[in-house]
Amino acid sequence: MEFVNLRIPEQAQTALQAATCIQQAYWPGTDIAFFQWLLLRARAGTRVEIIISERDRLRGLELNAQYFQHLEQAGGRVFFLPEQYVLSPFILLDQTALLPEPADNPNTLVYKPERQPEVVEKLRQRFRQWKENSRTTSAPLSPNVTLPAAGSIPAPAPDTAPEKLPEIRFYATPAAVEINERFELSWEVEGADQVSILPLLGAVPARGHKILSAEKTVEFCLTAIRGNRQLSKILTVAVNPDPKIEYLLTVPGHNEKEDIVLNAPPAHPHHYGVARGQALRLYWHSYNAQACTLNGETIPANGNILLTPAQLGAYTLTASGNGRADQKTIVIDVFQPPVIEQLTPDPAAPRLAAVGSGAGKIRFEAPPAPAPAVRVGPKGKSLRDFFWFCSGASRDILLRCPSAEGNKYAGIGATVFFTGLLAALSGGYALFVAFKSLPGAILFGLLWGAAIFNLDRLIVSTIKKEATPVRQWRQAMPRLLLALVLSVVIAKPLELRVFKPEIDEILAGKQAEKLLRTEALFRQKTAEVEKRVDRLKAESAGSFQLRETLYQEYRCE
């Protein structure tokens, strides 16, 4: 299948050859050989339908009444769409579609397979609507040109050459988003008189961008018109089809028509605190959900409910569908508000005193200066405050929290303190073993313990609660590695001191073993030297005897 203007990839050719229904929305640039091939397909039994805009009459396409008669005789149909309608080009097959892309080469067909059925269905509805608003006729588009013979491909006349199509750059950032997540739609069109984007935007300038959001996958169609020609480009922004549920927790405002939205702290998302007896209203909205539940009980997809929690509790919202689920667990902590049992006048406040008689004048009298107050804390609180300091927590905040929180941070502070104390003992002992200097060991131990105490306090106080476990582990890993190094540095000298008798015993055994090996080697060397001495003595005695013998012989002569 070869044509002059139209480039058809192999995948698109296979789809065209196998199609039993071909519905074409004509676009300028489609050569006459393709329409000749459509006529042959109609004669072979394929249902062929063509929609041509009145804008395209007598412009680039050279077909006469004979072609339409032959097409109608073969069972095909041609529809003419009025000029007020904007015709975007495409070809519909049985369950697939062919679109002209990219924008800089509009005569290349791009195959849209069945994995995008929503695109095919939208194009099919658009084609059906155009057919309802069009008319059928056998009037020729160009009365002076006859249908060419089979296999011939006429070259277009110079005066009928179509004008240059607009250039389109159309994209979304990002192209795949979550439900209601914002994305930026950007476009730039060159050489166009009119530009429109459907849906949502309508007529737009040639260049621009727009921040949008969507609840489901949306297909944007940008149409650029230049003179009597137009070019369209379709852009799909994919929205995650998984179910999702969102909620708002509110309390009544100053009047019944106002609600105040509660916001959870960033460190503890979905955690709220209210006073006992406080009425709350929970609003929820679900997307792509087939079923919604609140603490296991079925609820509508969208709605609200009044809550009056009496104690700490959790409310779990779940939206499920297509084998997936989205869950939000709302934790509400109920606290008892403070109660004023007795009002005591402030002795430091100014007092009113009457002056004179008659009408009576008043004046302010400053109260007598009170004696300096001595703050005496509750029994045992000074040690607890010290441990709070060791943990790096805020004393003012912990005084307003339940006692359990105070006890927890006191335990953390005690752990930090005793870690520094053990570090001081360990560092001092290590220096004493190395240099046998008691004053130096004490000074170094104090400095080493203070450094470890401060570092451990920093590690504990800078770990914050994050939204996801991955972020928590990412934050904790450097601190865990540093804690491991500190534990080894602190524990090694103490380990040497605790196991000193065993270590000394092993060292003594190794020294004795080494001494035995040395003595054995010494005895071996001594025996070798003695043997050598005996041999030398024997050689010396033989030499002396020989000398004596020779001397006696000499005297006898």
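Residues numbered from 1 in each chain as written. Predicted model: local features only at pLDDT ≥ 70, side-chain atom pairs only at ≥ 80, totals over all residues. Heavy atoms only, no water.

**Some remarks on the nonpolar core**
Then step 1. L16, I22, L38, I50, Y67, L71 and L93 are the most contacted members of the largest nonpolar core, which totals 24 residues.
Then step 2. When contributions to this core are tallied by element, the ones reaching two or more residues are helix 1 (10–18), helix 2 (32–43), strand 2 (47–53), helix 3 (65–73) and strand 3 (77–81).
Then step 3. Among the elements that take part in this core, helix 2 stands out by supplying six residues, more than any other.
Then step 4. For L71, the residues in contact, after removing those within four places along its chain, are L39, A42, V48, I50, G76, R77 and V78.
Then step 5. Counting residues in each nonpolar core, the second largest holds 23 residues, with V177, L231, V237 and V239 among its members. (Core = buried A, V, L, I, M, F, W, Y, C linked by side-chain atoms within 4.5 Å. Buried < 20%, exposed > 50% of the residue type's maximum accessible area, 1.4 Å probe, protein only. Helix = DSSP H or I, 4+ residues; strand = E, 2+ residues; numbered from the N terminus. Contact = heavy atoms within 4.5 Å.)

**Brief notes about the pattern of salt bridges**
Then step 1. This structure, assessed with the given rule, holds 16 salt bridges.
Then step 2. For E190, the salt bridge goes to R207, with nearest N and O atoms at 3.9 Å. With a gap of 17 residues between them, E190 in strand 10 (residues 183–190) and R207 in strand 13 (residues 207–212) connect regions that are remote in the sequence.
Then step 3. Between R517 and E513 there is a salt bridge, with the nearest N and O atoms lying 3.2 Å from each other. Here R517 pairs with E513, and both are found in helix 10 (residues 500–556), just four residues apart, close to one helical turn. (Salt bridge = Lys/Arg side-chain N within 4 Å of Asp/Glu carboxyl O.)

**Here we look at the layout of surface pockets**
Then step 1. When its volume is computed, the second largest pocket comes out at roughly 450 Å³.
Then step 2. Those elements giving two or more residues to the lining of the second largest pocket turn out to be strand 18 (271–275), strand 24 (324–335) and helix 7 (403–435).
Then step 3. Among the elements that make up the lining of the second largest pocket, the one with the highest residue count is strand 24 (four residues).
Then step 4. Its residues assigned to classes, the lining of the second largest pocket comprises eight nonpolar, three polar and two charged. (1 Å grid on protein atoms, 1.4 Å probe; cavity = no way out; pocket = protein on both sides within 12 Å on 5 of 7 lines; lining within 4 Å. Points joined across faces, edges and corners; volume = space filled by probe spheres on them. Nonpolar A, V, L, I, M, F, W, Y, C, P; charged D, E, K, R; others polar.)

**Some words on empty space enclosed by the protein**
Then step 1. Inspection of the entire model under this criterion finds three cavities of 30 Å³ or more.
Then step 2. Computed from the structure, the largest cavity encloses a volume of approximately 90 Å³.
Then step 3. Lining the largest cavity are 12 residues, with P89, L99, P100, S232 and I234 positioned closest to its centre.
Then step 4. Mapped onto the lining of the largest cavity, the elements with two or more residues apiece are strand 5 (97–100), helix 4 (117–132) and strand 15 (229–239).
Then step 5. Ranked by the residues each element gives to the lining of the largest cavity, the list is headed by strand 15, at three residues.
Then step 6. In terms of residue class, the lining of the largest cavity is made up of seven nonpolar, two polar and three charged.

**Looking at the packing of aromatic side chains**
Then step 1. Summed over the entire model, instances satisfying the criterion amount to eight aromatic pairs.
Then step 2. Ring centres of F386 and F387 lie 5.8 Å apart, and the angle between their planes is 50°; on these two criteria the pair is classed as tilted.
Then step 3. Exposure remark for F386: the relative accessible area of 34% places this residue in the partly exposed category.
Then step 4. Residue classification places F387 among the buried residues on the basis of a relative accessible area of 13%.
Then step 5. Through a chain of ring-to-ring contacts, three or more aromatic side chains come together here, namely F386, F387, F417 and F418.
Then step 6. Across the ring face of F389, the terminal group of R457 is positioned such that the distance to the ring centre comes to 4.4 Å. (Phe/Tyr/Trp six-rings, centres within 6.5 Å; stacked < 30°, edge-to-face > 60°. Lys NZ or Arg CZ within 6 Å of the ring centre and 35° of its normal.)

**Some details on the sheet that holds strand 19 (residues 280–287)**
Then step 1. Read from one edge to the other, the open sheet built from four strands follows the order 17-16-19-22, with strand pairing classed as antiparallel. Looking at which strands have only one partner, the edges of the open sheet turn out to be strand 17 (259–261) and strand 22 (302–307). Taking each pair of neighbouring strands and ignoring which way they run, the sheet shows an average axis angle of 30°.
Then step 2. Note: strand 16 (residues 244–252) against strand 19, seven bridges, orientation antiparallel. Bridge assignment links I245 to a residue of strand 19, and that residue is S286. (Pairing = 2+ DSSP bridges. Axes fitted to C-alpha atoms, helices over the stretch in contact; angles between N-to-C directions.)

**Thoughts on the pairing of strand 24**
Then step 1. Pairing of strand 18 with strand 24, which is carried by five bridges, proceeds in the parallel orientation. Within the sheet, the bridge partner assigned to Y272 lies in strand 24 and is I332.
Then step 2. Sheet topology note: the strand 23 (residues 313–321)/strand 24 ladder contains nine bridges and is antiparallel. The partner of S320 across the bridge, within strand 24, is A325.
Then step 3. Between strand 23 and the antiparallel strand that follows it, strand 24, lie two residues; N322 among them carries a positive phi value of about 55°.

**A short note on unusual backbone geometry**
Then step 1. Residue T173 is joined to P174 through a cis peptide bond whose omega torsion reads -10°.
Then step 2. By the secondary structure assignment, P174 is in the loop between strand 8 (167–173) and strand 9 (176–177).
Then step 3. The backbone phi angle of H270 is positive, close to 65°, even though this residue is not glycine.
Then step 4. Within the element layout of this structure, H270 appears in the loop between strand 17 and strand 18.
Then step 5. Residue N295 is not a glycine yet carries a positive backbone phi of 55°.

**Some details on helix 2**
Then step 1. For helix 2, with 12 residues, the first-to-last C-alpha span of 17 Å sits near the 16 Å given by 1.5 Å per residue.
Then step 2. Inspection of helix 2 places I32, A33, F34, F35, Q36, W37, L38, L39, R41 and A42 among the buried residues, and these make up the whole buried set.
Then step 3. Immediately downstream of helix 2, the backbone of G45 shows phi near 110°, a positive value. (Expected span 1.5 Å × (residues − 1).)

**Brief notes about the environment of Y315**
Then step 1. Structurally, Y315 can be placed in strand 23.
Then step 2. By relative accessible area, which is 18% here, Y315 ends up buried.
Then step 3. When the C-alpha positions of Y315 and G296 are compared, they lie 9.7 Å apart, and in sequence the two are 19 residues distant.
Then step 4. Look past the residues within four positions of Y315 in its chain and what remains in contact with it is L294, N295, L307, P309, K328, T329, I330 and I332.

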